[in-house]
Amino acid sequence: MNADAGRRVLPVLFALLLVVTPLAWYLPFWVTGVFAGLVLIRAALVWQRRPLPPRWLLVLALLVPVGFLWLTLKTLVGREGGVALLVLLAGFKALETGGLRDWRVLLALGFFLAAMPLLFDQSPAAAVWLVVSLVALTWAMARLAGNPPRAGWRQTATALGLSLPLMLVLFFIMPRLSGPLWSMPPSRQTAVTGLADDMAPGSISRIIPANTPVFNVVFDGAPPARRDFYWRVRVFDRFDGVRWYEAGTIREETLQLLGGQPYRYRITVKPERRRLPVLDYPAENAPDPAQLQPGLTWSSRRSTAEETIRLPAEGRSGARLAEALDPARLAHYLQLPPGNPQARALAARLRQRSADDRILLRGLLDTYRSQPFRYTLTPPALQGQIVDGFLFGSRQGFCEHFAGSLAFLARAAGLPARVVVGYQGGRFNPDGGFWQVRSADAHAWVEVWLPSEEAWLRVDPTATVSPDRIAAGAESALPVLQPTVPVIGGAPPAWLGRWRQMAEAWSFRWQQWVVGYDADRQRQLFRRLGLGDEVSAPVVLRGLAVGMLLGMVPLLWWWRRRPVADPLASGWMAVRRRLRRAGIALAPSDGPQDVLGKAAGLAEADRIELEALTQHYIDWRYRGQPASAAEIRTWLRAVRRFRPRQRAA
Amino acid sequence: MQSFDLALRQLNGLILGKPVAVRLAVTCLLAGGHLLIEDTPGVGKTTLAHGLATVMGLDYRRVQFTADLLPADILGSSIFERETGGFRFQPGPVFAQLLLADEINRASPKVQSALLEAMEEHQVTIEGVTRTLPEPFFVIATQNPAEQLGTFPLPESQLDRFLMRVSLGYPPREAERALLMGENRRALLATLLPALDGASLRRAQAEAAQLTVSTALADYVLAVLEASRRSGRFVQGLSPRAGLAIIAAARAWAWLEGRDHVLPEDVKATLPSVIGHRLVPLEPGVTIEEEVARLVMHVAVP
Amino acid sequence: MLPFRDTLRGWLLRRLPAVGRQRLTQQRIYLLPTPFGALLLLVAAAVWVGALNYGVSLAYALAFWVLALVCVSILMGFRQLHGLVIACEGWAPAFAGDTVGFQLRLTAPDTRLRRLQVHVIGSSTPVGGACELRGGMNAELTLAVPAERRGRLPLPPFEVCTEMPFGLVRAFAYVRLAETALVYPRPVPDTGRGRRQSGEEGAAVRFLPGNDDFAFLADYQPGDPLRRVAWRHWARRGSLVTKRFDSPVAQGVVRLDWADYPQGMDAESRLSRLTWRVLECERRSEAYLLRLPGMTILPGREGSLRALALYGGPSA
């Protein structure tokens, strides 16, 4: 195999094109375009057996798209930047690939590139495409090794099929990490769920459900109900038409917690911008190094914010947060920028219709129930009158959209209101006996001050739309299908509904067992498999061993199988193999009668059986008697049963 | 079949301890081929040839080949008859059903080639007249390979006129003791009874030639031929004629075994005799028997 | 080549018995990832680390699948060699300085497609070949081993290897077959002596008593020795005829003697020249007799060359 590996390398280029195709949806369109162009040029050069362009030219040519990439994305790291750069480099690598070694490096790069679309999308479609990419890459590998196309397909199918069970075992059993080793730089237009300093509901069109743990909590005694797991971190009290943020003007507060169930817990957390999450509602006397902040939130006194702190906390669940607002603060919590006339009109209408504050509040919440609002992490981006745009336009969004719009409506209706951001929910870890809250649990809700009761009331509009989000956590609420079927005049047909239900169920399972399969799920699976609650290294190893053995089953089956070109010949070969195993030395030059002669030492029954088998073989092979397929099958079955033993000495 | 059993039994009583060689000799005649018996003097070459001729019930002649033998001594010649005043053809010993050519390598090449031509063509041309030989016509020739001086070893190209070459070798100890204590072999020869005649032998030959040779067996023979050509251990590989000879011999052997089809074992049993004189080992100091055994060992049986 | 690898290979080769035919089994087959295989494992590791970090579950699947693929191709590579029977079928003798072609036969136990390469281990020049076993049962391969010195040349240990089916794993086995070829001395032209001896009938020694009686005259055929032409007949009748003799053994015999050369000449030079003369005689179909110290070799190409090849050796 020399530098000119010939047209055997074309499958490599083909596989690369397939692998990179899905990235066209996520990267600037010209990146994949340039890549495809480069690969096609290389394919043309291979086809016409033309030489490669000089290397210095390539380096110069590479500078142009990379520079353009820098101008477009303003970065070459991060998800988009990094992947785009990698794709461009792969394209240019294809153009300077000469020898077999280079092609193999390119192919290995292809395997790496196959992982890139998964950073953007983990839907079943992405999984299907992953399989397609793997098949293409493996076939390219087989072709590159010099196999003819058909044999290459067969080997690809065999290898991938046999490795599938092994892969599944590893997938479910290999230990998963609970948190990242390093963090990915955030990129443009998308946000990692987590807490920011402000909240601009319309500007974010996509949210990545990063599932990194944020803090752990251990309760002394019984914890409150899960639906009361509201961990407050910040309070946003000012809205400028685009974003909600902390005005920082409120200094004095006269808060009072009334009633409720007291509880104690210990929290382990790494503060984000010195903020500490606390369960609604925390006691006012914050233990050192915690410090009470306006809006009944805690912050850390320590300036080196990035160290993990543990502190005991207490609070009251279901308590009433009473506060007497003076006119200045009342005005502060009612302040609104101009704009969003439709929302204002709706608020005014509801205000007129409502007898008291509570009815008014319920009316406001009913807005979300009566209209087809949808909880999704990929809402359309909003511009301009974002509240009107959301309430009367898209009606799709996540907690920020719901909380922001409700706070706006409340203020417009004359009720003081503010947005609280923090975390909602948490997952109990039965092994460690602690609750864990992850970044995907980040949430935003609203607190409305009722003048008649002089107390802040927690209102969560997201719960109205997507109760799952509150009851089971963000994860189960995520797989909401886009409305793909236009609904014309009434409900969709029943079968469509059924289909959609099934699709949602499958989607949920996919989400749960594939995309969301993490350390917790793994423990859950181990428990279900009876591997014990204590997931220690030996348990994992044992599981690994058992699983690997299970994964090997098809391998063993394949091993036993021999290609059957001539059933008679392979059957006879099997007979000879069995005899050899019984300790009878047979040479390849032994004919059937020689075999019979050498096998004279077999046990009587075995010898008779062998004579019968041999006679059939001779009749068919040497006597020219035609054998029907059924006869041969019967004979092959007898051969498989034939397990000769030597006569006991 | 029975008559062949009888023939074999008688021959085994004559040539003690050599059942395989005897069976091979009979196989050769059954396959319609000429037989070359090659061995040192005194092991019973001539006795075997005599015995074969007798039990086969064939009309036979014996010629002791010497350096001064002329072709006419074998083929026959025209003799002037005083009574008729004309020439009358006096057929030579070659016009027998079985010709025993003792010590064939002692005769001059001219005589050898005359005989070999008769063997090949089953006819002889004498003084411009072509005469057909009787059917069946066999030649059993003996020669002593160790004797080099003053002999004319048969050229390789002519050796393959013989279907098989059989060596007797020294008898095993038991057989030799029986030989020493038993009757004189020559006397014993006289007691042999013909077990067959020309007609029954021809029938048996026709039957044997009809035996089934399957594709698998043909493939095996092909593999043997190819191996001989490719191995690089022989001066020259086996010819297609050798392939035909292998099949013919294997058929006759299988017929003697009472089978209606040919097995690779039949090929392997006859192979050393059939190809032993058609091959010359390239490596010096290695006997052809070793080489043939090696060849057989390397060809896998289907 | 890494020194460590050489050491290991040396150790393996020392344990390797020489056999008539070698069946490749578990004990004989070694498996190592190729650089490409290692690279792919590295890619799998990188994808795994990425999956770990970003919590991309499907990327775990990709990483593990690639890992499993490498594992399976180890097995597939093993199956490429497993059960293969390798035997040496023979060799063609050669002269020193040429190559001896050892004929290897590889017999597969089944009909799987196998692509194999065979290399002689430790040869300064690469010696080897590739073959493919497809459907059929066996394949041949000629290993052209350089013959540097006359004498016996054992088939050097060789390696049977394959990177099938994906080039990820190299399966290889070391094989040492008990096969020894014969290498004749390198012929060195000895033209002066050759011409004189064949030209002068008188110098030829009569050998073997034979009745070389004149038999008859035949028309001259191209290639007939000139000394057999009946010149007298030609002078009288003007047509070329050749004298034919009855006895093929009765001819003038050229003597090729060790002692034909000056005393100071070393053994190898003598053997080389004698070899050339044997070949020359063979080419001209002349009878000759080879004499080496302590032995006289009966005429015949093979016997003479063999004697020349093994002269002075342990088994000469």
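Note that the structure is a prediction, hence the values are computed from the model and not measured.

Things to note about the pattern of salt bridges
Applying the stated criterion to the full structure yields 36 salt bridges over all chains. Across the salt bridge formed by A:Glu453 and A:Arg358, the nearest N and O atoms sit 2.7 Å from each other. With A:Glu453 in the loop between β21 (442-450) and β22 (455-459) and A:Arg358 in helix α11 (residues 357-370), this pair connects stretches of sequence that are 95 residues apart. When the shortest N-O distance is used, the salt bridge between B:Arg106 and B:Glu103 registers 3.3 Å.

Topic: the pairing of strand β3 (residues 85-92) of chain C
Residues and elements named next belong to chain C. Most of β3 is tucked away, with seven of its eight residues classed as buried. Here strand β1 (residues 21-23) runs beside β3; their pairing, made up of three bridges, is antiparallel. The partner of Gln22 across the bridge, within β3, is Ile86. Across seven bridges, the pairing between β3 and strand β5 (residues 99-107) is antiparallel.

Some remarks on helix α13 (residues 288-298) of chain B
Among all positions in α13(B), only B:Ile288, B:Glu291, B:Val292, B:Leu295, B:Val296 and B:His298 are buried. For α13(B), the arc enclosing every buried residue in end-on projection is 165°, short of the 170-degree limit, so these residues lie on one face. If you follow the buried residues of α13(B), they end up packed against β9 (162-166), α10 (215-230) and α12 (264-275) of chain B together with β1, β3 and β5 of chain C.

A closer look at the packing of helix α20 (residues 567-581) of chain A against helix α22 (residues 604-621) of chain A
Two numbers describe a pair of packed helices, the interaxial angle and the distance between the axes. Residues and elements named next belong to chain A. The geometry of α20 relative to α22 is characterised by a closest axis approach of 11 Å and an angle of 150° between their N-to-C directions. It follows that α20 is roughly antiparallel to α22 by the angle criterion. As α20 runs across α22, the sense of the crossing is left-handed. Residues Leu568, Ala569, Trp572, Val575 and Leu579 of α20 pack against Leu610, Leu613, Thr614, Tyr617, Trp620 and Arg621 of α22. A breakdown of the residues in the contact of α20 with α22 according to their chemical character gives nine nonpolar, one polar and one charged.

Focus on the interface of chain C and chain B
Listed as interface residues are 18 residues of chain C and, on the opposing side, 13 residues of chain B. Interface area for chain C against chain B, summed over the two sides, is near 1,500 Å², with a carbon-plus-sulfur share of 51%. When the buried area of chain C at its contact with chain B is split by residue, C:Glu89, C:Trp91 and C:Arg306 rank highest and sum to 33% of it. Our count for the contact surface shared by chain C and chain B stands at one salt bridge. Between the two partners, chain C and chain B, sit two residue pairs in polar contact (both at pLDDT 80 or more). At the level of secondary structure, the elements contributing two or more residues to the side of chain C that touches chain B comprise β3, β5 and α7 (301-310) of chain C. Top element by residues in the side of chain C that touches chain B is β3(C). It accounts for six residues. Here the side of chain C that touches chain B is composed, by residue class, of eight nonpolar, two polar and eight charged.

Quick notes on the interface of chain A and chain C
Facing the 58 residues of chain A at the interface are 47 residues of chain C. Between chain A and chain C, the buried area comes to about 4,800 Å², and carbon and sulfur atoms account for 76% of it. Along the contact surface separating chain A from chain C lie one salt bridge. Ionic pairing is found between A:Arg104 and C:Glu163, a salt bridge with its closest N-O pair at 3.5 Å. Counting across the chain A and chain C interface gives six residue pairs in polar contact (both at pLDDT 80 or more). Those elements that place two or more of their residues in the side of chain A that touches chain C are α5 (100-113), α6 (116-120), α7 (124-144), α8 (149-173), α17 (494-515) and α19 (537-560) of chain A. Among the elements that make up the side of chain A that touches chain C, the one with the highest residue count is α8(A) (13 residues). Across the side of chain A that touches chain C, the residue classes break down as 44 nonpolar, ten polar and four charged.

Reading the values: rules and limits
- Residues numbered from 1 in each chain as written.
- Chains lettered and ligands numbered in written order.
- Predicted model: local features only at pLDDT ≥ 70, side-chain atom pairs only at ≥ 80, totals over all residues.
- Heavy atoms only, no water.
- Salt bridge = Lys/Arg side-chain N within 4 Å of Asp/Glu carboxyl O.
- Helix = DSSP H or I, 4+ residues; strand = E, 2+ residues; numbered from the N terminus.
- Buried < 20%, exposed > 50% of the residue type's maximum accessible area, 1.4 Å probe, protein only.
- Pairing = 2+ DSSP bridges.
- Arc of directions from axis to C-beta.
- Contact = heavy atoms within 4.5 Å.
- Axes fitted to C-alpha atoms, helices over the stretch in contact; angles between N-to-C directions.
- Parallel < 35°, antiparallel > 145°, perpendicular 65-115°, else oblique.
- Left-handed = near helix turned anticlockwise from the far one by under 90°.
- Nonpolar A, V, L, I, M, F, W, Y, C, P; charged D, E, K, R; others polar.
- Buried area = accessible area lost by both parts, 1.4 Å probe.
- Polar contact = N/O pair within 3.5 Å; in protein donor to acceptor, adjacent residues only side chain to side chain.

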